[in-house]
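Structural description and commentary
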Amino acid sequence: MDFSFTEEQDMLRISARDFLAKECPKAKVREMAKDERGYDPQMWHSMAELGWMGLIFPEEYGGMGASFMDLVILMEEMGKNILPGPFFSTIALCALPLLEYGSSEQKTKFLPQIAEGEAIWTFALAESSGRYKASEVKLRAVLKGANYVLQGYKLFVTDAHVADYILVVGRTGEGKRPEDGITLFMVDARGPNVKMEVIPTIGGDRQFKVSFDRVAVPKDNILGKVGNGWDVLDFILQRAAVLKCAEMSGACQAVLDMTSSYARERIQFDRPIGSFQAIQHKLADMLIDVEAVQYLLYQAAWGISVGSPSPWQISAAKAKANEAYQRICIEAIAAHGAIGYTMDHDIGLYYRRVKAAQFVAGDTDLHREVIAIGLGL
Amino acid sequence: MDFRLGKKELALKEEIRKFAEAELPPDLVRNTVIDGEFRDFEFEISMSRKLAQRGWLVMSWPEKYGGCGASLLEQTIYEMEIAYWGIPGAWMGISGIQWVGPCLMMFGTEEQREKYLPLIASGEKDGVWCTGYSEPNAGSDFANIKTRAVRDGDDYIINGQKVWTSAAHRARWCWLATRTNLNAAKKHQGISIFIVDMKSPGVTVNPILNYYGRHHFNEMFFDNVRVPASNLVGEENKGWYYLMQSLAFERRSIAPTTYGSLKWILEELAKYAGQTEYEGQPLSQNPVIRAKLADLAIDLEVLKMFAFQLAWRISQGQIPVYESSRNKIMGDDLMRQGAITGAEILGIYSQVDPDSEWAKLNGAIQGAYLGFPGQAIAAGTAEIEKSIIAQFRLGLPKSY
């Protein structure tokens, strides 16, 4: 067993931390929450130059050939800084499945664009119930000549307005199980008959309803096999769950750090409030939550890194992160008092993003159910 | 990072499984949380001897003291498996194996090591220790101890009272915290540790029954007890430092043992829920029960990672600052969660005496339910542990 990071991993973390501290201060996060695009294209290109987009692509696709664990480290730092924009949707939700399931033509065409920061992607799965269940996939895709024709809509699609491509989960058939007959399409986001409508959210991110009205998609733009899309989805949801956990883990750490320094500095009754046990014990509980998230995250990420992902460990990590991130934010606001409830304070930035994070790649109930099945229930 | 267990560790797990299947009666009552140890002293010591013969009892000690130089990771796995199978006798009253031995290796004289370590390693009655820390006015405020040790020629003379002393009624030796300097600037600067022969004249042990009527801990009186000066551990008045180390060793062992016993409980509860019908379907189909067992499983996974992380840190030669406290809090919280969830699943059967033939799961749930409040106090309350984390990990000011 080894709980340490490699020297290269420590360096990656430090360089990410330095870059984000400079380029993505909280003022930038606030600015981007009001910005129409929701991200800073210049920063996006600097990130690409640092090799972040292609971090875990092989060199032949313009990548750095790093491990999944390296990506986790990078995304923890992003989560700490609340990096706004389409990195998660482009890399975690789209590039990773492209790398795993794409044909060599598809990979040669799409991955270098992503690595260079020239293409933004997003992923469209949820429909009206917003749940990650195969039976909820109703968007129809019907073969007509050389194209599939998509009809239907998707909800809570992040950064769709700036995306070049949308990876759309559609139904091409019915089978014995709802998982049968699902297919993934790579759709030109700027093509005709793709319409977007903002869904205003509390997190300051950009989410959309995306409607597809007789949208023709060439057969070549199917990811994986027709009708077997659920396998790809499983892959996406597992990777995305872990990478979202990484962001949440970084956020949890940031909130804890912010709160313990506040407790050291804030004076009431002529003493720092951190000398009161009511505050100390709250912070100790927060620390235990933070480390619980970290170790479950690293365990799950390590499994993926060495090629033996454990759905059970992944679900344990995401379920824990969902609950812990929320609890830590709530306790942190309480420890801050009224200042924590203001627009000017940074704690609220984290708290407002809890809900979006919890639903990405499965809410707590979904992951508990994976665990329950694993227990033989 | 690498979270794999090696061949050695996997083989050890397998060997312990075989040992448990061969040596344990199938109807063994699993209630050590409430009973503590030594309810059936002869049986437990017979098991201690067998574990000693296997080289497991003090596996991480050097060979010359009766161990086999195993890694702390192996020891952690051993502790998890022992607790999982509920193998009695593995702890010998806990003190000797978990902190007296390791502390003597760090701070004791060679003479002390050669005399006491092989005794502990033997698994015999003469290797059973107890620990005299708490006093009527020194609980969480441990440095407030009043038991006095006064130098008299080649001896020290000890007078005072200890409480909540686990296993004192079975112990051959006591690891005793005393006050040797009344005039030290700070209370914790006048403390020394002694090794006391429990057969010495002037030592009295009275049982204190726990709220379930079980004899686990005791009060002890020391009335002019003479102890040779060679039984002083380390330096005079430096005892506080050794005590903190001993408590870190003690708190470390909570996570692996709690993990092991709850892992067994979780698996058995899952089986029980699958086999028990309620309103026409198995209990395991009830979404509330599924969610609760899933939460327990997730937190157990956290406890496992915490246990391994601490063992790894120590094995790297680092001195853990707060991790033992973190692990103790997590372990105690989980024992409570497991007991309460388990009791909910057993329903009305959760009130059955653990020794009764009516008890489900060999009495493990009732044992845990009755036992967890005590476990959560021993070796430091949650409040003390959280203050340690706040002060030493988060850099907050001292609160007491």
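The rules behind these values
- Residues numbered from 1 in each chain as written.
- Chains lettered and ligands numbered in written order.
- Predicted model: local features only at pLDDT ≥ 70, side-chain atom pairs only at ≥ 80, totals over all residues.
- Helix = DSSP H or I, 4+ residues; strand = E, 2+ residues; numbered from the N terminus.
- Rg over C-alpha atoms; globule rule 2.2 N^0.38 Å.
- Buried ≥ 20, exposed ≤ 12 C-beta atoms within 10 Å, placed from the backbone.
- Contact = placed C-beta atoms within 7 Å.
- pLDDT = per-residue confidence, 0-100.
- Nonpolar A, V, L, I, M, F, W, Y, C, P; charged D, E, K, R; others polar.
- Expected span 1.5 Å × (residues − 1).
- Core = buried A, V, L, I, M, F, W, Y, C linked by C-beta atoms within 7 Å.
- Pairing = 2+ DSSP bridges.

1. Side note on the overall build of chain B
Along its length, chain B carries 12 helices and 10 strands. Scaling as 2.2 N^0.38, a compact globule of 400 residues should have a C-alpha radius of gyration of about 21 Å, and chain B matches this with 21 Å. Counting only C-alpha atoms and orienting by the principal axes, one finds that chain B spans roughly 80 × 45 × 45 Å. For chain B, with 400 residues in total, the buried portion stands at 51%. Considering only contacts within chain B whose residues lie at least 6 apart along the sequence, 74% involve residues at least 24 apart.

2. Here we look at the confidence of the model for chain B
Chain-level statistics for chain B give a pLDDT mean of 94 and a share of 99% at 70 or above. Our summary of model confidence lists the complex with pTM equal to 0.96 and ipTM equal to 0.95.

3. So, the interface of chain A and chain B
With 37 residues of chain A at the interface, the matching set in chain B holds 37 residues. Breaking the side of chain A that touches chain B down by element, the ones donating at least two residues are helix 7 (229–265), helix 8 (277–305), helix 9 (311–336) and helix 12 (364–374) of chain A. Taken together, the residues of the side of chain A that touches chain B break down into 22 nonpolar, nine polar and six charged.

4. What about helix 6 (residues 110–122) of chain B?
All names here are of chain B. Its 13 residues place the ends of helix 6 18 Å apart at the C-alpha level, agreeing with the 18 Å of an ideal helix rising 1.5 Å per residue. Buried within helix 6 are the following residues: Tyr 116, Leu 117, Ile 120 and Ala 121. Packed against the buried residues of helix 6 are helix 3 (41–53) and helix 5 (95–107). At the exit of helix 6 stands Gly 123, carrying a positive phi of roughly 75 degrees.

5. A word on the nonpolar core
The tendency in soluble globular proteins is for nonpolar side chains to be buried side by side. Of all hydrophobic cores here, the largest spans 246 residues; its most connected members are Val 72, Ile 166, Leu 167, Val 242 and Leu 297 of chain A together with Phe 194 of chain B. If one sorts the elements of this core by residue count, helix 7 of chain A sits on top with 19 residues. Residue contacts for Val 72 of chain A: discarding those within four places in its chain leaves Val 242, Leu 243, Ala 246, Leu 297 and Ala 301 of chain A.

6. Examining the pairing of strand 5 (residues 191–197) of chain B
Residue and element names in this part refer to chain B. Burial within strand 5 is extensive, with six of its seven residues counted as buried. Here seven bridges tie strand 4 (residues 173–179) to strand 5, and the two strands are oriented antiparallel to one another. Each bridged residue has a counterpart across the sheet, and for Cys 174 the counterpart in strand 5 is Val 196. Where strand 5 lies against strand 8 (residues 232–233), two bridges are found, and the strand directions are antiparallel. Pairing of Phe 194 across the sheet is with Leu 232, part of strand 8.

7. A short note on the environment of Ala 52 of chain B
Among the structural elements, Ala 52 of chain B can be located in helix 3. Between the C-alpha atoms of Ala 52 of chain B and Ile 16 of chain B, which are 36 residues apart in sequence, the distance is 13 Å.

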